[in-house]
Amino acid sequence: MQGDLAVGIHDLSVSTTQFALTHETLAAHNGADIGKYHVGIGQRSMSVPAADEDIVTMAAAAAAPVVGRAGADRIRTIVFATESSIDQAKAAGIYVHSLLGMPSATRVVELKQACYAGTAALHFAAALVRQDPSQQVLVIASDVSRYEPDDPGEATQGAAAVAMLVGADPALVRLEEPTGLFTADIMDFWRPNYRTTALVDGQESIAAYLQAAEGAWKDYTERGGRSLGEFRAFCYHQPFTRMAHKAHRHLLQSQGHAADEDTVDRAVGGTTAYNADIGNSYTASMYIGLAALLDSAEDLAGRPVGFLSYGSGSVAEFFAGTIVPGYRSELRSGLHRDVISRRRIVDFTRYRELHAFSFPADGGDHPAPRETTGPYRLAGVFGHKRIYEPR
Ligand code: CAA
C-alpha cells in the first residue's frame, strides 16, 4: 500500500486536431448504414490532423495550459507515450520540452506498448513521485490512429493528446493500489516499422481486448482490490465508444453480475462524449474518457472510478482512482469542449488528401503548408529534421 501519501492526477488537459470527418460523410462514400457507425460502433466523427500537425503539436497544445498553471519548477520528468512515433531514436517529448521552454534539468523519455503506454507512463510517474513527493511528472499521451483507406478500421481512426500532471496531493484523481495486470503475446493489431498504417484483425482484436480485461480484473481482485459494485463509473480504452459498453458487459457477465443495457450505460455512459467525436486516439483514449467523465454534470467527489487500459499485442491493466473533493474548480471543461467544437469539418476528398499526405524522405527542405490554427505547428522537414514552431 502507498501509506498516507496521496499521489495521482493533479491536472488533465486534452487537445486534438484542426480537421474532422463525420461518419455521415464516410458512410456516404462506402455505402454503410449510418446506424452501423452511430449505434453499432458509437462514433459520430473522427479528428483528422492538418499537414502541419502531428503527435508533437497536439502534445504541446495539451501540455501548455498544464505547465502554464503549475509552472515548470517541480517537473523533473516528462514521459511521452505514443504508438505513432515520429522518430526511432529521439523522444517526441524533447520537442515539447523545447516548445514550452522547460528547464534543462529535466529527464525526457518515450514509452511504447500500443494503447497501453499512457497507463505505464502514469504508474511510472506515480512511482517517481512516491520516491520524491516534492517532484511532479508531466505525462503526455498523444497519437494519430490511421488505417488503410477502405479498411474496416477506417471508421475507427482519430487523433488527440492528453497531458496529465502527476504529483502528491492531487487535485483530480487519487490513484489506489493494487493494480491488476495481464500480458499475452498475440497479433491482434500491430504496425511494422516500414508501415505508416496499422494492421488489425478486427474481431480478433475485440476478443483479445475482452480476454485481457477479464485477466487484468482477475489479478486485481486476487490482490485485494475493490469489488465491482463499489465503483461509480469505469473508464475503458475506447478504440470506438461501443467497445466500452462491450467490455463492461463482458466484465459484469464474467463475474456473474446482471449486465442489462441500463446498468452498463450508467457505468460507462459518462465517459464516451468526447471520444464519440474524436475517434480513437490510442494512448490518450482512456484519459479522454476520464476528462469527459470529470467534465460531466454529476458530482463525483469521493467516488471510486475503475480504469481498464488495453494495448494490443497485448497488455492490460485494471486500477482504481478516487475523485478528489473540490476537483471541479480545477477542470478545463470549457477548453475541452472548445478544442472539439472548433475543428473544421472536411469533405471526403480533402480527408483522403490529408490521409495520403507525407513529406518526401529525400533529405531536402520541405516546408509544411500552413493549415493549423492551434498554438504550435510543424514548420516542415528540413534535411531529415522535423522543425516545430509556435504558430
Ligand atoms: N445499425 C446498428 N448497428 C449496426 C448496423 C446498423 N445499421 N450495422 C451494423 N451494426 C453493428 C454490428 O452489429 C456490430 O455490432 P456488434 O459488434 O455489437 O455485433 C457493429 O455495428 C460493427 O459492425 P461490424 O462488426 O460488421 O463492423 P466491421 O466489420 O466494419 O468492423 C471493427 C468493426 C472491427 C471495430 C473495425 O472498425 C475495426 O477493425 N477497427 C479497428 C480495430 C479495433 O478498433 N479493435 C478494437 C479492439 S483493439 C484495441 O482496442 C486497440 C486499438 O485501439 C486498436
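Quick caveat: nothing in here was measured; it's all calculated off a predicted structure. (Residues numbered from 1 in each chain as written. Predicted model: local features only at pLDDT ≥ 70, side-chain atom pairs only at ≥ 80, totals over all residues. Heavy atoms only, no water.)

All right, on to the overall build of the protein then. Counting its secondary structure elements, the protein contains 12 helices and 18 strands. On C-alpha atoms alone, the protein measures out to a radius of gyration of 20 Å, which is about the 21 Å that the 2.2 N^0.38 rule sets for 391 residues. Taking the principal axes of its C-alpha atoms as reference, the protein extends roughly 55 × 55 × 40 Å. In the protein, which comprises 391 residues, the share counted as buried stands at 58%. (Helix = DSSP H or I, 4+ residues; strand = E, 2+ residues; numbered from the N terminus. Rg over C-alpha atoms; globule rule 2.2 N^0.38 Å. Buried < 20%, exposed > 50% of the residue type's maximum accessible area, 1.4 Å probe, protein only.)

With that settled, the discussion passes to helix 11 (residues 333-341). Restricting attention to buried positions, one finds in helix 11 the residues Ser333, His336, Val339 and Ile340. Around the axis of helix 11, the buried residues are gathered within 135° of arc, so they sit on the same side. Exposed residues lying more than 90 degrees from the buried face of helix 11 are Gly334 and Ser341. Residues of helix 11 that are buried in the fold lie against strand 1 (7-15), helix 9 (273-278) and helix 10 (285-295). (Arc of directions from axis to C-beta. Contact = heavy atoms within 4.5 Å.)

Before going further, it helps to examine the packing of aromatic side chains. Each aromatic ring pair is specified by the distance between its two centres and by the angle formed by the two planes. Across all of its chains, the model carries 15 aromatic pairs by this definition. Note on Tyr209 and Tyr310: the rings are 4.9 Å apart at their centroids and 40° apart in plane angle, and the pair reads as tilted. Separated by 101 residues along the polypeptide, Tyr209 in helix 6 (residues 202-222) and Tyr310 in strand 13 (residues 304-311) bring together distant segments of the chain. With respect to burial, Tyr209 and Tyr310 carry one shared label: buried. Judged by centre distance (5.0 Å) and plane angle (80°), the rings of Phe357 and Phe359 are edge-to-face. Relative accessible area serves as the criterion here: at 33%, Phe357 is assigned to the partly exposed category. What links up through ring pairs into an aromatic cluster is the set Trp217, Tyr220, Phe231, Phe234, Tyr236 and Phe318. We note Lys90 situated over the ring of Tyr95; from NZ or CZ to the ring centre the distance is 4.5 Å. (Phe/Tyr/Trp six-rings, centres within 6.5 Å; stacked < 30°, edge-to-face > 60°. Lys NZ or Arg CZ within 6 Å of the ring centre and 35° of its normal.)

Surrounding the ligand, one finds 26 residues, the nearest of these being Lys36, Pro152, Ser205, His237 and Lys246. Contacts to the ligand include Thr156, whose side-chain N or O atom sits 3.1 Å from a nitrogen atom. Contact between the ligand and Ser205: a nitrogen atom at 2.8 Å from a side-chain N or O atom of the residue. Its free accessible area being 1,100 Å², the ligand has 71% of it covered by the protein chains. Listed by contribution, the elements that provide at least two residues to the shell around the ligand are helix 2 (34-41) and helix 6. (Near = heavy atom within 4 Å. Polar contact = N/O pair within 3.5 Å; in protein donor to acceptor, adjacent residues only side chain to side chain. Areas by Shrake-Rupley, 256 points an atom, 1.4 Å probe, with all protein chains shown as cover.)

The contact between helix 6 and helix 7 (residues 242-254) brings their axes to 10 Å, and the two run at 45°. Between helix 6 and helix 7, the crossing angle belongs to the class labelled oblique. For the element pair helix 6 and helix 7, the recorded crossing hand is right-handed. Taking contact as the criterion, the partners of Ile206, Tyr209, Leu210, Ala213, Glu214 and Trp217 in helix 6 are, on helix 7, Met243, Lys246, Ala247, His250, Leu251 and Ser254. Here the residues of the contact of helix 6 with helix 7 are counted per class, giving 8 nonpolar, 2 polar and 2 charged. (Axes fitted to C-alpha atoms, helices over the stretch in contact; angles between N-to-C directions. Parallel < 35°, antiparallel > 145°, perpendicular 65-115°, else oblique. Left-handed = near helix turned anticlockwise from the far one by under 90°. Nonpolar A, V, L, I, M, F, W, Y, C, P; charged D, E, K, R; others polar.)

Looking at the secondary structure, you find Phe348 in helix 12 (residues 348-356). Sequence-wise, Phe348 and Thr22 are 326 residues apart; in three dimensions their C-alpha atoms are separated by 9.2 Å.

The strand order across the open sheet built from 3 strands is 16-17-18, with neighbouring strands paired in antiparallel fashion. Two strands lie at the open edges of the sheet, namely strand 16 (365-367) and strand 18 (385-390), each paired on one side alone. The sheet shows a mean angle of 25° between the axes of neighbouring strands, direction not considered. On the sheet, helix 3 (residues 55-70) packs against strand 17 (376-382) and strand 18 and is oriented at approximately 150° with respect to strand 17. Packed on one face of the sheet, helix 4 (residues 92-99) meets strand 17 and strand 18 and runs near 30° to strand 18. (Pairing = 2+ DSSP bridges.)

Right, let's talk about helix 1 (residues 23-30) for a bit. All of the buried residues in helix 1 are His23, Leu26 and Ala27. Down the axis of helix 1, the smallest arc covering the buried residues is 100°, so these residues share one side. Backbone geometry just downstream of helix 1 places Gly31 in the positive-phi region, at approximately 80°.

Glancing now at the pairing of strand 5 (residues 107-111). Here 5 bridges tie strand 4 (residues 75-81) to strand 5, and the two strands are oriented parallel to one another. In the sheet register, Ile78 faces strand 5, and the bridge partner there is Val108. As a crossover connection, the stretch from strand 4 through helix 4 into strand 5 is right-handed. (Right-handed = clockwise from strand over helix to strand, strands pointing away.)

This part is about the nonpolar core. By size, the foremost hydrophobic cluster in this structure holds 49 residues, and its most contacted members are Leu12 and Val162. Ranked by residues supplied to this core, first place goes to helix 10 with 8 residues. Beyond its immediate sequence surroundings of up to four residues, Leu12 is in contact with Val162, Ala163, Met164, Leu172, Tyr287, Leu290, Ala291, Leu294, Arg332 and His336. (Core = buried A, V, L, I, M, F, W, Y, C linked by side-chain atoms within 4.5 Å.)

Here the focus is the pattern of salt bridges. It is possible for side chains of opposite charge to pair when their charged atoms get near one another. In total, this model carries 20 salt bridges according to the counting rule given. Across the pair Arg130 and Glu177 runs a salt bridge whose closest N-O atoms are separated by 3.4 Å. One end of the pair, Arg130, is in helix 5 (residues 117-131); the other, Glu177, is in the loop between strand 8 (173-175) and strand 9 (180-183), with 47 residues separating them in the sequence. Classification of Arg130 by relative accessible area gives partly exposed; the value is 26%. For Glu389, the salt bridge identified is with Arg377, shortest N-O distance 2.6 Å. Taken as a pair, Glu389 in strand 18 and Arg377 in strand 17 lie far apart in primary sequence, 12 residues in all. Looking at Glu389, the relative accessible area reads 23%, which means it is partly exposed. Within the structure, one salt-bridge network assembled from shared partners comprises Asp11, Arg69, Glu330 and Arg332. (Salt bridge = Lys/Arg side-chain N within 4 Å of Asp/Glu carboxyl O.)

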